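Each chain is listed here by its residues.
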Amino acid sequence: MSRAILSAELTELITAALEQVLVQQATLDRAYAKVFAGKRLAAIDQAAVTSHVGAVLRKLNLYAALAHINLPIVAGQLHYLFAAYLQANVLKSPTIKSLTDQVTFTQRLNLLQDNSALLDGCPAWLEALGHAQLADKWPAERAALAEEPTRFVRANLLKTDRERLAKRLAKEGVTTQTVRGVATALEITDRSALFRTDSYQDGWFEQQDAGSQLVADALDVQPGMRVIDACAGNGGKTLALAAHMQGKGRLLAMDVEQWKLDNLKKRAKRAGAHNIETRLIASSKTIKRIAMSADRLLLDVPCSGLGVLKRHPDTKWGDTAERLPVLAELQAHILSSYSRMLKVGGKMVYATCSIMPSENRQQVDKFLAEKPQFTLLKDETLWPSQQGFDGFYYALIARISE
């Protein structure tokens, strides 16, 4: 954790971001955008804000319990919540008073030691779901998802390779190390402001979790193919696919939201990914027009995000539990409908950033039972407790007949 003593300015920024998320119900990304707007913070200060905000949110219920307040948090309770966080982590701020003397506070903390779910910042609904779906695997994953996320970047093969990128970043003051088993990944081992580097501005890398890079690799795209990323979003995996295609062939990025595709166009230009075409999915007719046309198809479907809680801890405290049935229906629909775009002999990847079987293998099994013209080649869950990456699932599926 950065800095044992937080300045008044940093304390104000941290609590402002927490208020945006916990009281105003903003997403974490939007909270940071608002809090940092118009400010020219040093890289170390911006990193400190995001580090502390993330740490509070990852174990929000623990700090609330230590402060003797209930969730959801209201504006008047933020001071007590943050005070509990500081005291639990032996941190200080000139504008935040301790809740009580350290002996009494330590006694409070000791009383909670038998509640492992609370110590890992796990809400009751997620604890029940994790045990129901993952059984003995769950405690290790729960603990891993409570850790601070590691930063990874993907070397853009259209402009460089991993070794050249590492050397250039080193000259810009960014320290890295290679990631075993992920050919394009570098782990960032300091708190440098990556997006301020010339390497980023020149399109030499994208910030992308190593697990996400493995999911894109699983599709096995080759130069000259016709490839469709049908749930492209802002295009992280789209750009990874484009790099593997080396500018040869056609890569169609599709989504139901135009603003995401607009962002993708900007990222593609910086990356030098000139073979990407974007297309809005306006209706089922959009899918029908390109039926059985893709050599490769990526379905990175909307999901609960329960594999990426390290990076998006606010997910635990929103409406995710209520959305799970809706997401399950949407996943099944996308898999059934969008798979029509894959040609016979082609391959597709169904992927989520969840580690829950109900969103993963169970969806795939149901699809295969209904669609005998497809067959499963392999599938894999990337476990946060094992690889240290974010949690992902992917299934590689082939179309064997019409």
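Sequence order sets the numbering: in each chain, residues are counted from 1 along the sequence as written. Reporting in this predicted model follows two pLDDT cut-offs: at least 70 for local features of residues, and 80 or more for side-chain atom pairs to be given and counted; totals over whole chains, interfaces and linings ignore these cut-offs and use all residues. Calculated side-chain values reflect all of the structure's heavy atoms, with hydrogen atoms and water omitted.

Caption draft 1: Up close: the packing of helix α2 (residues 28–36) against helix α3 (residues 43–58). Between N-to-C directions, angles span 0 to 180 degrees; the directions come from axes that are lines fitted to C-alpha atoms, helices contributing only their stretch in contact. What counts as a helix is a DSSP run of H or I of at least four residues, what counts as a strand is a run of E of at least two, and both are numbered from the N terminus. The contact between α2 and α3 brings their axes to 12 Å, and the two run at 145°. Seen from above, α2 lies across α3 with right-handed handedness. Across from Leu28, Tyr32 and Phe36 in α2, the residues of α3 making contact are Gln46, Val49, Thr50, Val53, Gly54 and Leu57. Side-chain classes are defined by residue name, with Ala, Val, Leu, Ile, Met, Phe, Trp, Tyr, Cys and Pro counting as nonpolar, Asp, Glu, Lys and Arg as charged, and the others, Gly among them, as polar. Classifying every residue of the contact of α2 with α3 gives six nonpolar, three polar and no charged. Working rule for handedness: look at the near helix, and if it is turned counterclockwise from the far one by less than a right angle, call the crossing left-handed; if clockwise, right-handed. The contact rule is simple, with two residues in contact once any of their heavy atoms fall within 4.5 Å.

Caption draft 2: View of the packing of aromatic side chains. Note on aromatic contacts: the rings of Phe and Tyr and the six-membered ring of Trp form a pair at centre separations within 6.5 Å, being stacked when their planes are under 30 degrees apart, edge-to-face when over 60 apart, and tilted otherwise. Counting across every chain of the model gives seven aromatic pairs. Ring geometry for Tyr63 versus Tyr85: centroids 5.3 Å apart, planes at 85°, classification edge-to-face. One end of the pair, Tyr63, is in helix α4 (residues 60–66); the other, Tyr85, is in helix α5 (residues 78–88), with 22 residues separating them in the sequence. Under the scheme applied here, a residue whose accessible area is under 20% of the maximum for its type counts as buried, over 50% as exposed, and between as partly exposed, the area being computed with a 1.4 Å probe on protein chains only. Among the residues examined, Tyr63 registers a relative accessible area of 5% and is labelled buried. Judged by centre distance (5.6 Å) and plane angle (50°), the rings of Tyr200 and Phe205 are tilted. When sorted by exposure, Tyr200 lands in the same class as Phe205, which is buried. Pairwise contacts between aromatic rings join Tyr63, Phe82 and Tyr85 into one cluster. The ring of Trp383 has Lys137 lying over it, and the distance from NZ or CZ to the ring centre is 4.7 Å. Sitting over the ring of Trp204, Arg168 keeps its end group 4.5 Å from the ring centre. Only lysine NZ and arginine CZ atoms are considered, and such an atom sits over a ring when it is within 6 Å of the ring centre and within 35 degrees of the ring normal.

Caption draft 3: Inspection of the state of the cysteines at higher detail. Whenever a pair of cysteine sulfur atoms sits within 2.5 Å, that pair is classed as a disulfide. One pass over the structure, following the stated rule, counts zero disulfides. Cys303 provides the cysteine sulfur closest to Cys231, a residue in no disulfide bond, and the two sulfurs are 11 Å apart. By relative accessible area, Cys231 is classed as buried at 13%.

Caption draft 4: Inspection of the packing of helix α13 (residues 236–245) against helix α14 (residues 258–271) at higher detail. The geometry of α13 relative to α14 is characterised by a closest axis approach of 10 Å and an angle of 30° between their N-to-C directions. The chirality of how α13 crosses α14 is right-handed. Here α13 contributes Gly236, Thr238 and Leu239 to the contact with α14, which in turn contributes Leu264, Arg267, Ala268 and Ala271. Looking at the contact of α13 with α14 residue by residue, the class counts come to four nonpolar, two polar and one charged.

Caption draft 5: Main features of the side chain of Gln87. Within the element layout of this structure, Gln87 appears in helix α5. Classification of Gln87 by relative accessible area gives buried; the value is 5%. N or O atoms closer than or at 3.5 Å make up a polar contact, with two conditions inside protein: a donor-capable atom paired with an acceptor-capable one, and, for residues adjacent in sequence, both atoms drawn from side chains. Within the structure, Gln87 has its side chain in polar contact with the backbone oxygen of Thr100 (distance 2.8 Å). Gln87 has contacts with Ser98, Leu99, Thr100, Asp101, Gln102 and Phe105, leaving out every residue within four places of it along the chain.

Caption draft 6: Spotlight on helix α12 (residues 210–218). In terms of residue burial, α12 counts as a mostly covered element, since seven of its nine residues are buried. Turning to α12, its buried residues number three or more, namely Ala210, Gly211, Ser212, Gln213, Val215, Ala216 and Ala218. At its buried positions, α12 is contacted by β1 (151–155), β3 (185–188), α13, β9 (342–352), β10 (374–382) and β11 (392–399). Taking the backbone nitrogen of Gly211 as reference, a side-chain oxygen 2.8 Å away marks Asp209 as the first, capping residue of α12.

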